[in-house]
Amino acid sequence: MRWDYSPAPESTDHVRLRDRYGLFIGGEFVEADAYAPTINPATEEPLAEIAQASAADVARAVDAARAAAPGWAALSGLERGKYVFRIARLIQERARELAIVETLDGGKPIKESRDIDIPLAAAHFFYYAGWADKLAYGVPVPPARGAVRPRGVVGQVIPWNFPLLMAAWKLAPALATGNTAVLKPADTTPLTALLLAEILQEAELPDGVVNIVPGDGSAGAALVRGAVDKVAFTGSTAVGRDIQAALAGRDVGLTLELGGKSANIVFEDAALEQAVEGIVQGIFFNQGHVCCAGSRLLVQESVAEQVVDRLWARMQSLRVGDPLDKNTDVGAINSAAQLSRIGELVAAGVEEGAGLRQVSCSLPDRGFWFAPALFTEASPAHRVSREEIFGPVLTVTTFRTHAEAVEKANNSPYGLAAGIWTDKGSKAFEVAAQLRSGVVWQNTYNHFDPTAAFGGFKESGFGREGGAAGLRPYVKVEGE
Amino acid sequence: MRVAVAKTYKLYVGGAFVRSESGRHDQVNGANVPRGSRKDVRDAVKIARGAAGGWGRRTAYNRGQILYRAAEALESRAGEFGDDVGEAIDTFVHYAGWTDKLHAVLGTVNPVAAPFLSMSTPEPTGVVAVLLGSSASLPSLVESIAAPLAAGNVVVVQLPESDPLPGLDLGEVLGVSDIPAGVVNLLSGRASELVPALAAHRDVNAIIDATDDAELSKQIDTFASETLKRVLRTESDPLDLLAALTEIRTVWHPIGA
């Protein structure tokens, strides 16, 4: 049985987007030579014209950050922290507007941008603000070695799946530790970063401490190769590899938060209803555009049929459609390019013989959509089991023993996250210890918090964001 | 007159003393030294990977005792090494004491804003390649082994090309200590052959680059990027080194129903 809900669209009355946004350099919006529209992926309608930073623009932004660095680093930690606290508060104050714009620009359900992206972005600024005057406690300083210092100018490139939240993950620790920054938002989702620029102005952050240069991959490439002291990148493993190679032989700090193919492991003694909710949350959250998505379901053979049946039934009740509707579970795919990438991988899965089931639901005529899908009998060798799909597509494999589950979970070049479902605490912790992944969720999935470190093993990148561990990449320890 | 027994140096791989599979050797400082090959690198990495899980799963207390025993073993044969052997022994002692303190310094219990126990702990990164280039002192060689081991990793070491003998001698000391087979693997040979092979190996997780050679370091970085290996250059502080050789893992567990 299926119940239909009346539409419950979020009102967009109070959102006032400008027709065009320039580059944010040296504390003000400046014009660029080129502009491109950013569109709503749910309707394909343009939202605003966005400046496209050239390599020269990026260099100008790095210069502005360089000029601002000494003054910013010289502020006392407490004073620096106050600016970062202001940013947190202003994000909270404009939370509703930011949530709507995030959903308009990126296609994610409003309930997610409203309840997760924006509150967590504010929380990250709030958390790191409090570190600013406590760095010597957060980064252990050897007794004879003096002080914790900022690295200088950091270049930061962020993805399109959590636009404002990723900006917060990058900027909050950088600012708290006394660095200045140039941030390059993703080309399909620049809007909330530009609203954040307005917030930075309102917070009276000193000019040049944060510069925001929207543009495509070429702007990001120019930034990471520019005159910066540290690079932080979140995005695909392929681009991360290029960045590491580009920085070869240079003394530039680097942290990479890259792709994943995370296993969600369900043992026969798990609370199965809860596990099914966790599986859904793990892969269909944000249309599966999540680096730590639980995209490989491993189910113990004895309960596999039961779990897949319940999961398939639960998937029928997912509401796919208008991201602005408060009841929507799965919104629009972020871009035409991403939709075609998902389509290509799913076609490869079918061709290689994995059994595809896809929810049959009515999808809007315009925009980019992909109905939630499930591959049963996915062999570990299939492309859909190995490559990151970054869409609402789950593969299912079974296992018999605990050891086989661990081996299958670890059988991936990635090592970002994993889920474990069991009612036995001892088993959960034992399996967690054997998984080569940076985050392990036991009887839950996709929880994030600014106090908790996040990042991957192996080819999921290096360095951590969040918690005290997130301070370390942004500082060096130096004698006074 | 007694004829001295001349020593035939061998590689130390998988707890055994072996010749290079290539059958080649070089003369270095008056001794014949095996000239390790790319195949020796592959064999050593495979063996190291096999040993990594067991070493990482030992208790911190046990790993500390084993590193301390390495210090004891080296002390007892100090006369076979140069003047800096004391510093090398002390380096083992220092890292023996780190194994069960890393968690207190780098780990956290996270006060998350939801009903979960959330904790972040340092975990071994895996197989660490130690690249020493042309020369290295015994204490720095020992540090580049003891630090990864203290953090729960295993190592494959490219011994310094122009002075591999102390490293090979160290292998004989470690071979009779309690360090399990495969946890430390020592390869002599030519840096130009061994360094790229180790830096490019897809089953190496991290690299300690102590080659002090800008051109070689750039090459190492480029190879490392293929599989996103962590590359660390000489760190001036033990904790920096240990932090760079560990992954922080965050585990979440619900509190309540």
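Quick caveat: nothing in here was measured; it's all calculated off a predicted structure.

### A closer look at the overall build of chain A
The helix and strand inventory of chain A stands at 15 helices and 22 strands. At 22 Å, chain A has a C-alpha radius of gyration in line with the 23 Å of a compact globule built from 480 residues. Principal-axis analysis of the C-alpha atoms gives chain A an extent of 65 × 55 × 35 Å. Taking all 480 residues of chain A together, the buried fraction comes to 62%. Restricting to contacts in chain A with at least 6 residues of sequence separation, those with at least 24 account for 75%. Charge separation in chain A, taken as the distance between the mean sites of 45 positive and 57 negative side-chain charges, equals 5 Å.

### Let's talk about the overall build of chain B
Helix and strand counts for chain B stand at 9 helices and 12 strands. A globule of 257 residues ought to have a C-alpha radius of gyration of about 18 Å, and chain B, at 19 Å, matches this closely. Its C-alpha atoms put chain B at 80 × 40 × 30 Å along the principal axes. When the 257 residues of chain B are sorted by exposure, 56% land in the buried category. Here the contacts in chain B between residues at least 6 apart in sequence split such that 75% fall between residues at least 24 apart. Counting every atom, chain B has about 10,500 Å² of accessible surface; 52% of that belongs to carbon and sulfur. Each charge sign in chain B was given a centre, from 24 positive and 31 negative side chains, and these centres are 10 Å apart.

### What about the confidence of the model for chain B?
Detailed reading of predicted coordinates is not advised where the pLDDT is low. Put simply, chain B has an average pLDDT of 96, and 99% of its residues get 70 or more. Listed scores for the predicted complex are pTM 0.94 and ipTM 0.92.

### A few points about the packing of aromatic side chains
All names here are of chain A. With the rule as written, the count across this model stands at 15 aromatic pairs over all chains. Judged by centre distance (5.7 Å) and plane angle (50 degrees), the rings of W72 and Y83 are tilted. In this pair, W72 is assigned in helix α1 (residues 55-74) and Y83 in helix α2 (residues 77-93), connecting sequence segments 11 residues apart. By relative accessible area, which is 1% here, W72 ends up buried. Linked through ring pairs, W169, W441, Y445, F448 and F454 together constitute an aromatic cluster. The ring of F29 carries the charged tip of R18 above its face, separated from the ring centre by 4.6 Å. The ring centre of Y474 lies 5.0 Å from the NZ or CZ of K230, which sits over that ring.

### A few points about the sheet that holds strand β4 (residues 35-39) of chain A
Residue and element names in this part refer to chain A. With mixed pairing, 3 strands are arranged side by side in an open sheet as β1-β5-β4. The sheet is open, and its two borders are formed by β1 (20-21) and β4, each paired with just one other strand. Bridge analysis of β1 against strand β5 (residues 46-51) gives 2 bridges, and the strand direction is parallel. Directly across from R20, in β5, lies its bridge partner E49.

### Topic: α2 of chain A
All names here are of chain A. Between its first and last C-alpha atoms α2 spans 24 Å; for 17 residues at 1.5 Å apiece the expected length is 24 Å, and the two agree. When we look at burial in α2, the residues that qualify are G77, R80, G81, V84, I87, A88, L90 and I91. On its buried face, α2 sits against α1, α3 (95-106), α4 (110-129), α5 (135-138), α6 (163-176) and α7 (191-202).

### Section: the packing of helix α14 (residues 402-410) of chain A against helix α15 (residues 425-434) of chain A
The angle between the axes and the distance between the axes are what describe a pair of packed helices. Residue and element names in this part refer to chain A. Where α14 contacts α15, the two axes come as close as 10 Å, and the packing angle between them is 40 degrees. Taken together, the axis directions place α14 and α15 in an arrangement best described as oblique. In the crossing of α14 with α15, the sense of the turn from one axis to the other is right-handed. Across from H402, V406 and N410 in α14, the residues of α15 making contact are E430, V431 and Q434. The class makeup of the residues in the contact of α14 with α15 is 2 nonpolar, 3 polar and 1 charged.

### Topic: the sheet that holds strand β6 (residues 116-124) of chain B
The sheet built from 10 strands is open, its strands ordered β14(A)-β15(A)-β16(A)-β13(A)-β12(A)-β18(A)-β19(A)-β12(B)-β6(B)-β5(B) with mixed pairing. Each edge of the open sheet carries a strand with a single partner, namely β14 (355-358) of chain A together with β5 (108-110) of chain B. Between one strand axis and the next, the sheet turns by 20 degrees as a mean value, whatever way the strands run. Here 4 bridges tie strand β12 (residues 263-266) of chain A to strand β18 (residues 417-421) of chain A, and the two strands are oriented parallel to one another. Looking at β18 of chain A, one finds that I265 of chain A is bridged to I420 of chain A. Along the sheet, helix α12 (residues 336-352) of chain A makes contact with β14, β15 (373-376) and β16 (393-399) of chain A, crossing β15 of chain A at roughly 25 degrees.

### Regarding the pattern of salt bridges
In total, this model carries 43 salt bridges over all chains according to the counting rule given. One salt bridge connects K111 of chain A with D329 of chain A, and the closest N-O pair in it is separated by 2.6 Å. A residue pair is termed long-range when its members are at least 10 positions apart, and K111 of chain A in helix α4 and D329 of chain A in the loop between α11 (301-316) and α12 qualify at 218 residues. Judged by its relative accessible area of 26%, K111 of chain A is partly exposed. Between D100 of chain B and K101 of chain B there is a salt bridge, and its shortest N-O distance comes to 2.7 Å. You can call D100 of chain B partly exposed: its relative accessible area is 41%. Salt bridges sharing partners connect three or more residues here, namely R18, R94, E97, E198 and E202 of chain A.

### Thoughts on the packing of helix α2 (residues 60-76) of chain B against helix α3 (residues 85-96) of chain B
All names here are of chain B. At a closest axis distance of 7 Å, the pairing of α2 and α3 adopts a crossing angle of 165 degrees. Classed by the angle they form, the pair α2 and α3 counts as roughly antiparallel. As for how α2 packs across α3, the hand of that crossing is left-handed. When α2 is examined against α3, the residues G64, L67, Y68, A70, A71, L74 and E75 are found in contact with a partner set consisting of V85, A88, I89, F92, V93, Y95 and A96. Residues of the contact of α2 with α3, tallied by class, amount to 12 nonpolar, 1 polar and 1 charged.

### Observations regarding the interface of chain A and chain B
Contacts between the two partners involve 43 residues from chain A and, on the opposite side, 42 residues from chain B. Together, the buried faces of chain A and chain B total about 3,200 Å²; carbon and sulfur atoms form 56% of this surface. On the chain A side of the contact with chain B, R241, Q244 and R472 of chain A bury the most area, a combined 14% of that side's loss. Between E247 of chain B and R464 of chain A there is a salt bridge, with the nearest N and O atoms lying 3.0 Å from each other. Put simply, chain A and chain B have 19 residue pairs in polar contact (both at pLDDT 80 or more) between them.

### Topic: the nonpolar core
I91 and V266 of chain A are the most contacted members of the largest nonpolar core, which totals 113 residues. Among the elements that line this core, the one with the most residues is α6 of chain A, at 11 residues. Once you skip the residues sitting within four places of it in the chain, I91 of chain A turns out to touch L98, I118, A122, F125, L164, L196 and I199 of chain A. L67, A78, V204 and L245 of chain B belong to the second largest nonpolar core, which has 80 residues in total.

Conventions used here
- Residues numbered from 1 in each chain as written.
- Chains lettered and ligands numbered in written order.
- Predicted model: local features only at pLDDT ≥ 70, side-chain atom pairs only at ≥ 80, totals over all residues.
- Heavy atoms only, no water.
- Helix = DSSP H or I, 4+ residues; strand = E, 2+ residues; numbered from the N terminus.
- Rg over C-alpha atoms; globule rule 2.2 N^0.38 Å.
- Buried < 20%, exposed > 50% of the residue type's maximum accessible area, 1.4 Å probe, protein only.
- Contact = heavy atoms within 4.5 Å.
- Lys, Arg positive; Asp, Glu negative; His and termini not counted.
- Charge placed at Lys NZ, Arg CZ, Asp CG, Glu CD.
- Areas by Shrake-Rupley, 256 points an atom, 1.4 Å probe, with all protein chains shown as cover.
- pLDDT = per-residue confidence, 0-100.
- Phe/Tyr/Trp six-rings, centres within 6.5 Å; stacked < 30°, edge-to-face > 60°.
- Lys NZ or Arg CZ within 6 Å of the ring centre and 35° of its normal.
- Pairing = 2+ DSSP bridges.
- Expected span 1.5 Å × (residues − 1).
- Axes fitted to C-alpha atoms, helices over the stretch in contact; angles between N-to-C directions.
- Parallel < 35°, antiparallel > 145°, perpendicular 65-115°, else oblique.
- Left-handed = near helix turned anticlockwise from the far one by under 90°.
- Nonpolar A, V, L, I, M, F, W, Y, C, P; charged D, E, K, R; others polar.
- Salt bridge = Lys/Arg side-chain N within 4 Å of Asp/Glu carboxyl O.
- Buried area = accessible area lost by both parts, 1.4 Å probe.
- Polar contact = N/O pair within 3.5 Å; in protein donor to acceptor, adjacent residues only side chain to side chain.
- Core = buried A, V, L, I, M, F, W, Y, C linked by side-chain atoms within 4.5 Å.

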